[in-house]
Amino acid sequence: MKFSNEIETLKPYKPGKPIAETQREFGLKEVVKLASNENPIGASKQVVSAIEKAALEIHRYPDASCYELKHAMAGYYGVSTEMMTFGNGSNELIDLLIRLYCDPRKDKVLTSKGAFIAYKICSQVSRVETLEIPLSENLRFDLLALAKKLEADSGSIRLVFIANPNNPTGTYVNESELIEFLDIAQKYENTLIVLDEAYNEFVRAKDYPQSLDLMKKYKNVASLRTLSKVYGIAGLRLGVLIAQPEVIGFIDRIRNPFNVNLLAQEAAKAAVADREYLKKSQQVNWEGLDYFYKEFSQMGLKYWESQGNFVLIDCERDSEEINLELLKLGLIVRPVKGYGLATHLRVSVGLPEENKFAVEAIKQVLKG
Ligand SMILES: *Cc1c(COP(=O)(O)O)cnc(C)c1O
């Protein structure tokens, strides 16, 4: 068989190792998975009841326009319904944006090396080249370098992806840096600046930019959100794109009509209505992060302060080796070699007892 060069050289996305597989392979009973930035507290009870109720309707097609969900979410985010559409996870929206904006083998996507890998994979599948600017020394998006690249290559760059905060580093760009970048980028009105804000609700930094406010001034900006993280419904797949109505109209034109399933629509409505759950998610995450920081500092292990629900650590040894030793102890975390970080691991925040388990396992392996 023969396929295009882009497809034959594609390195597919590597998801976190499943718990059952790890139990089988290593003959383990107790396994803790902190590898996929999942919400450790489980979904909201109100979400589960909404799904149970909706289960009686699944012989019907879902609402292709997501009417009720759109109204609920527009209220939640404080934007008009014309500025919003949904995807089967934000991953699908990344894919759709690339297909909408980029002509294959002509237009380009600009992002950082060390940014969320989906931008590159989706681009390659669409036969679109990705230009990757290195992260700065402290593993942050280098927006000045991105702006320079955009100015130099504005004829072909149609999309810029900025993960804020970034996965897997947990670092973020602040408001003044972003505004400086957008002041330059707004000259290129045919280029869309996508702020991927999957971890938005976990951010504690005071100078984190409010993208939805910025979008009032900067018209070529879009924001991606997801219900996979703080809202704990990763398994149902619901992503949100907030952008100018014209962009939304074109995404709606090219997406599959029933890309968001019936259960996801009902679950998402219930999820954003449960404010208590949101608070609990945030609290468990922030306490977990602070616990990790304290323990890692005591161990003398290098880590990056995170605005997400995970921490990047540098073990200063080949991360695949360390990962294997951790798996033998029943801990699944994520090596991030594919991001150019060869000695680093990403550890998601779990429940307190899972975090403790992780710290003990990491201690044991790094001592050995
Ligand atoms: C987890 C994550 C997403 C969310 O993906 P979904 O497809 O919505 O589950 C998007 N962007 C980044 C940077 C992420 O880490």
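For the structure, check the block above.
All residue numbers refer to position in the chain's written sequence, counted from 1. Where local features are concerned, this predicted model is filtered to residues with pLDDT of at least 70; where side-chain atom pairs are given and counted, the filter is 80 or more; whole-chain, interface and lining totals use all residues. The side-chain figures draw on all heavy atoms in the structure; neither hydrogens nor water molecules are used.

Asker: Even after reading the chapter, I still don't get helix α5 (residues 90–101), so can you show me in this structure?
Answerer: For an α-helix, the turn length of 3.6 residues means that residues three or four places apart are oriented alike. Between its terminal C-alpha atoms α5 stretches 16 Å, which fits the 16 Å expected from 12 residues at 1.5 Å a residue. Each residue is placed in one exposure class: buried if its accessible area under a 1.4 Å probe, protein chains only, is under 20% of its type's maximum, exposed if it is over 50%, and partly exposed if it falls in between. To qualify as a helix, a DSSP run of H or I must reach at least 4 residues; to qualify as a strand, a run of E must reach at least 2; elements of each kind are numbered from the N terminus. Within α5, nine of the 12 residues are buried, which leaves it mostly tucked inside the rest of the structure. Listed as buried for α5 are Ser 90, Glu 92, Leu 93, Ile 94, Asp 95, Leu 96, Leu 97, Ile 98 and Tyr 101. By this rule the span expected of a helix is its residue count minus one, scaled by 1.5 Å.

Asker: In this structure, what is going on with the side chain of Glu 197? I would like to understand it.
Answerer: Along the chain, the position of Glu 197 falls in the loop between β6 (192–196) and α9 (211–217). We classify Glu 197 as buried; its relative accessible area is 1%. There is a polar contact of 3.1 Å between the side chain of Glu 197 and the side chain of Arg 225. The residues contacting Glu 197, other than those within four sequence positions of it, are Asn 164, Tyr 208, Pro 209, Ser 211, Ser 223, Leu 224 and Arg 225. Contacts described as polar in this section are N or O atom pairs within 3.5 Å, which, within protein, must combine one atom able to donate a hydrogen with one able to accept it, while residues neighboring in sequence count only if both atoms come from side chains. The contact criterion used throughout is that any non-hydrogen atoms of two residues lie within 4.5 Å.

Asker: Before we go on, may I ask you to explain the sheet that holds strand β5 (residues 157–163) in this structure?
Answerer: Strand pairs in the sheet, formed through backbone hydrogen bonds, run parallel or antiparallel to each other. Pairing between strands is defined by DSSP: at least two bridges between the two strands are required. One open sheet accounts for seven strands, arranged β2-β8-β7-β6-β5-β3-β4; its pairing is mixed. Both outer strands of the open sheet, β2 (84–87) and β4 (129–133), are each paired with one neighbouring strand and no more. Averaged over neighbouring strand pairs, the angle between their axes works out to 25 degrees when direction is ignored. Across three bridges, the pairing between strand β3 (residues 108–112) and β5 is parallel. The residue of β5 that forms the bridge with Lys 108 is Ile 157. Think of each axis as a best-fit line through the C-alpha atoms, taken over the contacting stretch in the case of a helix, with angles from 0 to 180 degrees between the N-to-C directions.

Asker: Would you take a moment to explain the pairing of β6 for this structure?
Answerer: Consecutive side chains of a regular strand alternate in pointing toward one face of the sheet and then the other. Burial within β6 is extensive, with five of its five residues counted as buried. Every second residue of β6 is oriented toward a common face, with Leu 192, Val 194 and Asp 196 on one face and Ile 193 and Leu 195 on the other, all of them buried. Across five bridges, β5 lies against β6 in parallel orientation. Among the inter-strand pairings, Phe 161 is bridged to a residue of β6, identified as Val 194. The handedness rule is simple: strands pointing away from the viewer, and a clockwise path from the first strand over the helix to the second, make the crossover right-handed. Each parallel crossover has a hand, and for β5 linked through helix α8 (residues 175–185) to β6 it is right-handed. The pairing of β6 with strand β7 (residues 221–226) spans four bridges and is parallel. By the bridge assignment, Leu 195 is partnered in β7 with Ser 223. Crossover handedness for the path β6 to α9 to β7: right-handed.

Asker: Please clarify how the packing of aromatic side chains should be interpreted in this entry.
Answerer: Two aromatic rings, taken as a pair, are described by how far apart their centres are and by the angle between their planes. Here is the rule: rings of Phe, Tyr and Trp (six-membered ring for Trp) pair when centre to centre is within 6.5 Å. Planes less than 30 degrees apart are stacked, more than 60 are edge-to-face, and the remainder are tilted. Applying the stated rule across the entire model yields 10 aromatic pairs. Ring centres 5.9 Å apart and planes at 75 degrees place the aromatic pair Tyr 76 and Tyr 231 in the edge-to-face group. You can see Tyr 76 sitting in helix α4 (residues 67–77) and its partner Tyr 231 sitting in the loop between β7 and β8 (239–242), a full 155 residues away along the chain. Of the residues examined, Tyr 76 reaches a relative accessible area of 16% and is grouped as buried. Judged by its relative accessible area of 1%, Tyr 231 falls in the buried class.

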